[in-house]
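# A closer look at the structure
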Amino acid sequence: MVKNMEKKKKSKKWIWISIISVVLALILAWGIYHSFTFKDDSVSFNFGVFKITEVTALLFGIFIISLFGYLFGRIKIKGISFGTAGVFLVAILFGYLFTLEFLKDNPLLGAFYIKDSSSEMAKNYSDVVQNIGLILFISSVGFVAGPTFFSNLRKRGKVLILIVLSISITGAIFATLFALIPTVGPFFSVGVLAGANTTTPGFSSAIEAATSTGIEGAKDLVTLGYAVGYPFGVISIVLFVQVLPKILKKDLTKESKSISKKEEKTQVDQSSYIRIDPFGLAPLSLAIIIGLLIGSIKIPLTLSGFEGPCFSLGRTGGVLLTSVLIGHLGHIGKISLLVNEGTLKTFREFGLLLFLIGSGVSGGVALVEQISKSGGFILLYGVLGAIILSILPLVISFITTKFILKLNTVESLGFITGARTSTPALGMLIDCSKSDDVASLYASTYPIALIFVVIIPQLIISLLG
């Protein structure tokens with residue numbers, strides 16, 4: 001009897017699915033039919049019932065990249081996959097394909113056409129999608145790390161500085177040597193370095209330093225270097241996080257359990273506090289607002305004042321700092337600052353997704369644009385430089401953390417992702433370790449690393465520019 005009822009339910013379900021599918025197919029067919037114009041035995045396509053605006057095209061792009069990016073990221077070869085970083089690779093391909101000239105006059109696909117990095121569509125990806133994603137991701141990480149951040153800093157301050165120095169100085173040395181090659185120069189080199197570190201603040205700092213020299217084309221060389229280095233920076237550390245534990249035969253999930261035992265989490269009983277909203281979106285918004293203001297503060301680094309190179313935490317650093325602080329406090333007076341764990345996980349993943357889409361599409365567009373300007377020869381140097389600047393600092397910093405500082409593998413990788421300021425790598429490490437606690441390791445080294453990624457490009461350009 002029960003089986004018969006289940007069969008009837010299943011048959012009804014498939015009947016409804018079939019009806020809905022037929023209706024959708026008929027609507028689509030009707031729309032396509034009314035979108036064709038027949039004239040003199042020739043067929044031309046106009047929009048008809050399909051009205052694809054710029055906003056619609058942007059939304060299409062985001063979710064098409066999301067769909068195929070996640071599908072691509074699921075592909076495993078010998079247990080290795082790109083995970084969420086698959087979205088980044090699909091986004092680069094998307095950015096490249098939609099710069100192709102033949103799309104410009106296509107009535108349907110023309111809405112997706114991206115002329116160059118200065119076009120409105122490209123700016124929507126680089127300025128809007130990428131930055132919203134980064135802010136959502138970083139603020140979520142900050143709240144997760146907040147309860148343990150200061151205990152980590154107090155116990156391991158010297159260790160954290162040593163880790164950041166190992167990865168930053170190694171990168172700076174190789175970038176300087178790379179810059180000494182006559183065809184390369186300092187502007188292209190610091191661009192590759194910023195890309196290899198996947199650091200937006202470092203890229204912004206390099207752009208400012210290059211612009212201040214007044215040398216024509218300096219900014220374009222930085223942009224080209226960043227566009228070349230960024231894909232290698234993402235791919236290298238995402239694979240590094242997965243491959244290294246397999247080589248060393250380490251179980252990251254098992255090792256991650258030791259993190260929570262070592263950390264002192266500040267526990268605040270929230271039952272007596274007033275919650276503004278049930279999900280914690282208000283405290284998250286508060287942290288972002290204050291963080292954006294702090295990130296806007298600039299401190300001159302030279303006697304030239306604000307006209308010369310300046311240090312700034314930027315949007316990323318400012319939001320991370322305030323999120324950590326508010327996450328640590330847990331409340332202000334009787335007002336709760338708690339953000340639900342589910343909210344943080346959702347925003348972290350969604351933020352990472354948007355960040356990878358925005359940076360991938362804008363990176364693909366910039367790569368095509370800059371190669372067409374500079375030619376393919378410098379690209380070869382860029383690829384070689386990106387491989388070196390992506391991999392060698394990782395290897396040296398891991399040797400430092402694992403064999404000198406005697407940290408376990410998951411701790412080493414957690415601190416390195418922060419020292420590398422690599423957003424995609426943290427996402428992959430969380431997936432591999434099945435633990436949110438690694439976010440506190442990332443947040444411990446990130447603020448220190450931020451200082452170096454901002455200053456190093458300016459020093460290289462000052463010395464060699």
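That block above? That's the structure.
Since this is a predicted model, take the numbers as computed values, not measurements.

## So, the overall build of the protein chain
Per the secondary structure count, the protein chain includes 15 helices and six strands. Out of the 465 residues belonging to the protein chain, those deemed buried represent 50%. Nonlocal contacts in the protein chain, meaning residues at least 24 apart in sequence, comprise 77% of its contacts between residues at least 6 apart. Of the accessible surface of the protein chain, which amounts to about 22,700 Å², a share of 69% is contributed by carbon and sulfur atoms.

## Let's talk about the nonpolar core
Ile-65, Ile-114, Tyr-125, Val-222, Ile-357 and Val-361 are the most contacted members of the largest nonpolar core, which has 105 residues in total. For this core, the element with the most residues is helix H4 (residues 120–179), which contributes 18 residues. Leave out the neighbours within four places in its chain, and Ile-357 touches Ile-62, Ile-65, Ser-66, Val-87, Ala-91, Tyr-125 and Val-129. Listed in part, the seven residues of the second largest apolar core include Phe-143, Leu-284, Ile-326 and Val-339.

## Things to note about the packing of aromatic side chains
For the structure shown, the criterion picks out seven aromatic pairs. On the numbers, 4.4 Å between centres and 35° between planes, the contact of Phe-94 with Phe-98 is tilted. Each member of the aromatic cluster is reached from another via a ring pair, and the members are Phe-88, Tyr-226 and Tyr-230. Of note, Lys-334 hangs over the ring of Tyr-273, and the distance from its end group to the ring centre comes to 5.7 Å.

## Remarks on a positive patch on the surface
A cluster of basic residues, Arg-74, Lys-76, Lys-246 and Lys-434, forms a positive patch at the surface. If you trace the backbone, Lys-76 turns up in the loop between helix H2 (54–73) and helix H3 (85–97). The exposure class assigned to Lys-76 is exposed, which follows from its relative accessible area of 60%.

## Considerations on a nonpolar patch on the surface
On the surface, Ile-169, Ile-173, Leu-177, Leu-180, Leu-463 and Leu-464 cluster together to form a nonpolar patch covering roughly 590 Å² of accessible area. Listed by contribution, the elements that provide at least two residues to the nonpolar patch are H4 and helix H15 (438–464). Considering every element that reaches the nonpolar patch, the biggest residue donor is H4, with three residues. Note that Leu-463 resides in helix H15.

## Topic: the pattern of salt bridges
Under the counting rule described, the total for this entry stands at four salt bridges. With a shortest N-O distance of 3.8 Å, Lys-345 and Asp-436 are connected by a salt bridge. Separated by 91 residues along the polypeptide, Lys-345 in helix H11 (residues 341–374) and Asp-436 in the loop between helix H14 (423–433) and H15 bring together distant segments of the chain. Members of the salt-bridge network, linked through shared partners, are Glu-341, Lys-345, Arg-348 and Asp-436.

## Side note on the packing of H4 against helix H5 (residues 185–196)
At their nearest, the axes of H4 and H5 sit 8 Å apart, and the two run at 145° to each other. As H4 packs across H5, the resulting crossing turns out to be right-handed. Each of Gly-171, Ala-175, Phe-178 and Ala-179 in H4 lies in contact with H5, whose residues at this interface are Gly-185, Pro-186, Phe-188, Ser-189, Val-192 and Leu-193. Here the residues of the contact of H4 with H5 are counted per class, giving seven nonpolar, three polar and no charged.

## Quick look at the side chain of Ser-412
Examined against the element boundaries, Ser-412 turns out to sit in helix H13 (residues 409–419). Filtering out sequence-adjacent residues up to four positions away, Ser-412 remains in contact with Phe-398, Thr-401, Lys-402 and Leu-407.

## Brief notes about the environment of Asp-437
The topology assignment puts Asp-437 in the loop between H14 and H15. Spatially, the C-alpha atoms of Asp-437 and Val-144 are 7.6 Å apart, while their sequence positions differ by 293 residues.

## Observations concerning helix H10 (residues 314–329)
Compared with the 22 Å implied by 1.5 Å per residue over 16 residues, the 23 Å span of H10 between its first and last C-alpha is a close match. Within H10, the full set of buried residues consists of Gly-314, Thr-316, Gly-317, Gly-318, Val-319, Leu-320, Thr-322, Ser-323, Val-324, Ile-326 and Gly-327. Gly-330 sits one or two residues past H10 and shows a positive phi near 80°.

## Notes on the environment of Ile-332
With respect to the helices, strands and loops of the structure, Ile-332 is situated in strand S5 (residues 331–332). With a relative accessible area of 49%, Ile-332 lands in the partly exposed category. Taking the C-alpha atoms as reference points, Ile-332 and Ile-274, separated by 58 residues in sequence, lie 10.0 Å from one another.

How each quantity is defined
Residues numbered from 1 in each chain as written. Predicted model: local features only at pLDDT ≥ 70, side-chain atom pairs only at ≥ 80, totals over all residues. Heavy atoms only, no water. Helix = DSSP H or I, 4+ residues; strand = E, 2+ residues; numbered from the N terminus. Buried < 20%, exposed > 50% of the residue type's maximum accessible area, 1.4 Å probe, protein only. Contact = heavy atoms within 4.5 Å. Areas by Shrake-Rupley, 256 points an atom, 1.4 Å probe, with all protein chains shown as cover. Core = buried A, V, L, I, M, F, W, Y, C linked by side-chain atoms within 4.5 Å. Phe/Tyr/Trp six-rings, centres within 6.5 Å; stacked < 30°, edge-to-face > 60°. Lys NZ or Arg CZ within 6 Å of the ring centre and 35° of its normal. Patch = residues over 30% accessible without salt bridge, like charges linked within 9 Å, V, L, I, M, F, W, Y side chains within 5 Å. Salt bridge = Lys/Arg side-chain N within 4 Å of Asp/Glu carboxyl O. Lys, Arg positive; Asp, Glu negative; His and termini not counted. Charge placed at Lys NZ, Arg CZ, Asp CG, Glu CD. Axes fitted to C-alpha atoms, helices over the stretch in contact; angles between N-to-C directions. Left-handed = near helix turned anticlockwise from the far one by under 90°. Nonpolar A, V, L, I, M, F, W, Y, C, P; charged D, E, K, R; others polar. Expected span 1.5 Å × (residues − 1).

In short, geometric facts, not functional conclusions.
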